[in-house]
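# Examination of the molecular architecture
Spelled out from the first residue to the last, the chains are:
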Amino acid sequence: MQIQYIAEDAVMMRLGDIIDIGVHRQLITLQKQINNGNYLGITEAVIGFTTLVVYFDPMHTSHITVEKLLRDLSKSDLEISSSPTVHHIPVCYDYGLDIHYVANYHQITVEEVIELHISAVYTVYFIGFSPGFPFLGGMNDKIATPRKAAPRQSVEAGSIGIAGKQTGIYPGQSPGGWQIIGRTPVNLVKINNEQPTLLQSGDQIHFYPINKKEFLETANNEGLEQ
Amino acid sequence: MIIIEEGLHTTIQDLGRNNYRSLGFSLSGPMDKTAMRIANFLVGNDDNDAVLEISFLGPTIEFTCDTIIAITGAKMTAFLNGYEAPLYRPIPINKGDTLQCRAAKKGIYSYLSVKGGIQIEEKLSSRSMIARYNSEEFLSRKLNNDDYLPVQPYSFTGKIHWKLDHQIFDYIQKDNATIHFIEGPQISWFNADSVSEKRWKVSSKSNRMGYRLIGQKIETIKEQQLLTEPVQFGAIQIPPSGEPIILMADGQPTGGYPKLGQVIQADLATLSQITPAKEFTLEKCSIESAMKQLHSQEKFLAQLKLILSYKWREMLHGTKL
């Protein structure tokens, strides 16, 4: 475990530099303890693949106090007892602008790409980049595909993309360089809800295929940006 | 108040959206927190009350009730009912008054506070505009013509004969500014000494999310793929091109570029106000020095807040201290 004071109001803890489900579980356990713990002066704990950063108010606590808290909490081997939230997310692969590219890249059929994509169980490692954007682990290496050489100016909300060994969902319309293999009609961000994003770190995802008609029905109900 | 003409990029900002970074929301808040807080102090507000952040070219606003406003930050020309409006002091406003904000002559970001703060409904515990979330709702977009922003009516009939010393804002656009940074998590991946030897400029392709720097390419001495990790306002990222990008107030909560340094908080206001033509230098310092400068800046702002609250008490009750 490595601790760094990365800003006047932030302490970073690093647990190695390899994506690992065990490390991820450790991080979300710690994150939950800190964010639910009401510690004086601590604003929020945010995680990445192998890192956790505690943000705090430097007028109310200090790096040393936060570091000690992190070291103490890491020693206690609390595991999350509750099972993860599981989401079943529909995907219309007809909107996969790059699905033929991905299939050709691996010398397999589009049906095989879809089969490989829906047969895996994905873990939300963390949410980052933009509101509700999940960084997912668990994709089959057989469909891992490099990013596009030139990013698209605009990727539709709900687009499912592949970038190397990562897969993710664009919650809103944005520029993007991931290979788009499908689109979900589910709205990942509902700003007026108490829980404003559908997904949270630690959740699990199963994808299942739907046709265009089903896509449009759900997209309307969900108020997806179209 | 009503936005008659929206200006270049006018947004509502309080001190930012804490507690939602884990869900991908940026912290946001003002680019120049110092000027924003002083704007609030001038009208007797709390630090966190919502203000207008005006970027370079200001909006035209019509007031729909009596209130008191103040303008701080970038030196901007503004006209109240056709007469030049003073900066850095409270200005009593009557219902129907029109404020025309024009271009900033020095710096980029100006702040317009109103007594009691802009009373728009909070989204996720904040009135700062949400970055990278598109919708037609308020706080999901910059302000447009005809937007109505609620303000608490406040009538003040007294006279105001004072203003803040403009020297308080001398940090804005000073010549050859030095921006200090502490070591970033991946400083050893780079030839970091070269950063301090060079003069830098901010590219015109910069915005509330990030400032792209022009000067030189930073040499990578350790090629390694970084796994995405949490990042914050002030992080000096080095993308594969070698040209640094400093994350600003709307920076994303996690990022995958390695970080050479972190601009110290006491220098973020100065950095945010540097216009593309101005040269500046980057200089490494210790975290102890960063903390010392932060505490002295906070002490100054706390004193200023106290003095201005006395001023207000004196104006309202006539009691001198």
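- As recorded in an unreviewed UniProt entry, chain B goes by Biotin-dependent carboxyltransferase family protein and comes from Gracilibacillus oryzae.

- The name that an unreviewed UniProt entry assigns to chain A is 5-oxoprolinase subunit PxpB, with the source organism given as Gracilibacillus oryzae.

### Considering the interface of chain B and chain A
- At the interface, 39 residues of chain B touch 46 residues of chain A.
- Counting each side, the surface lost to burial between chain B and chain A is near 3500 Å², with a carbon and sulfur contribution of 59%.
- When the buried surface of chain B facing chain A is broken down by residue, Leu 23, Leu 227 and Pro 230 of chain B rank first, second and third, together holding 18% of it.
- At the junction of chain B and chain A, the tally comes to two salt bridges.
- Measuring nitrogen to oxygen at the nearest pair gives 3.3 Å for the salt bridge that ties Glu 44 of chain A to Arg 21 of chain B.
- For the pair chain B and chain A, the interface holds 17 residue pairs in polar contact (both at pLDDT 80 or more).

### With respect to the nonpolar core
All names here are of chain B.
- Counting 81 residues, the largest nonpolar core has Met 1, Leu 99 and Phe 280 as the members making the most contacts within it.
- Taken domain by domain, the makeup of this core includes at least three residues from each of domain 1 (2–164) and domain 2 (177–285).
- When residues no more than four places from it in sequence are discounted, the contact partners of Met 1 are Leu 52, Ile 61, Glu 62, Phe 63, Thr 64, Leu 112, Val 114, Ile 118, Asp 147, Tyr 148, Leu 149 and Val 151.

### Some details on the sheet that holds strand E1 (residues 2–7) of chain A
All names here are of chain A.
- Taken in spatial order, the four strands of this open sheet run E1-E2-E4-E3, and their pairing is antiparallel. Where the open sheet ends on each side, the last strands, each with one partner, are E1 and strand E3 (42–47). Going across the sheet, the axis of each strand differs from the next one's by a mean of 20°, ignoring polarity.
- Where E1 meets strand E2 (residues 10–14), five bridges bridge the pair, whose relative direction is antiparallel. Paired with Tyr 5 across the two strands is Val 11, which belongs to E2.
- The sheet contacts of helix H2 (residues 63–75) involve E1, E2, E3 and strand E4 (51–56), and relative to E1 the element is tilted by about 150°.

Conventions used here
Residues numbered from 1 in each chain as written. Chains lettered and ligands numbered in written order. Predicted model: local features only at pLDDT ≥ 70, side-chain atom pairs only at ≥ 80, totals over all residues. Heavy atoms only, no water. Contact = heavy atoms within 4.5 Å. Buried area = accessible area lost by both parts, 1.4 Å probe. Salt bridge = Lys/Arg side-chain N within 4 Å of Asp/Glu carboxyl O. Polar contact = N/O pair within 3.5 Å; in protein donor to acceptor, adjacent residues only side chain to side chain. Core = buried A, V, L, I, M, F, W, Y, C linked by side-chain atoms within 4.5 Å. Buried < 20%, exposed > 50% of the residue type's maximum accessible area, 1.4 Å probe, protein only. Domains from an automatic or database assignment. Pairing = 2+ DSSP bridges. Helix = DSSP H or I, 4+ residues; strand = E, 2+ residues; numbered from the N terminus. Axes fitted to C-alpha atoms, helices over the stretch in contact; angles between N-to-C directions.

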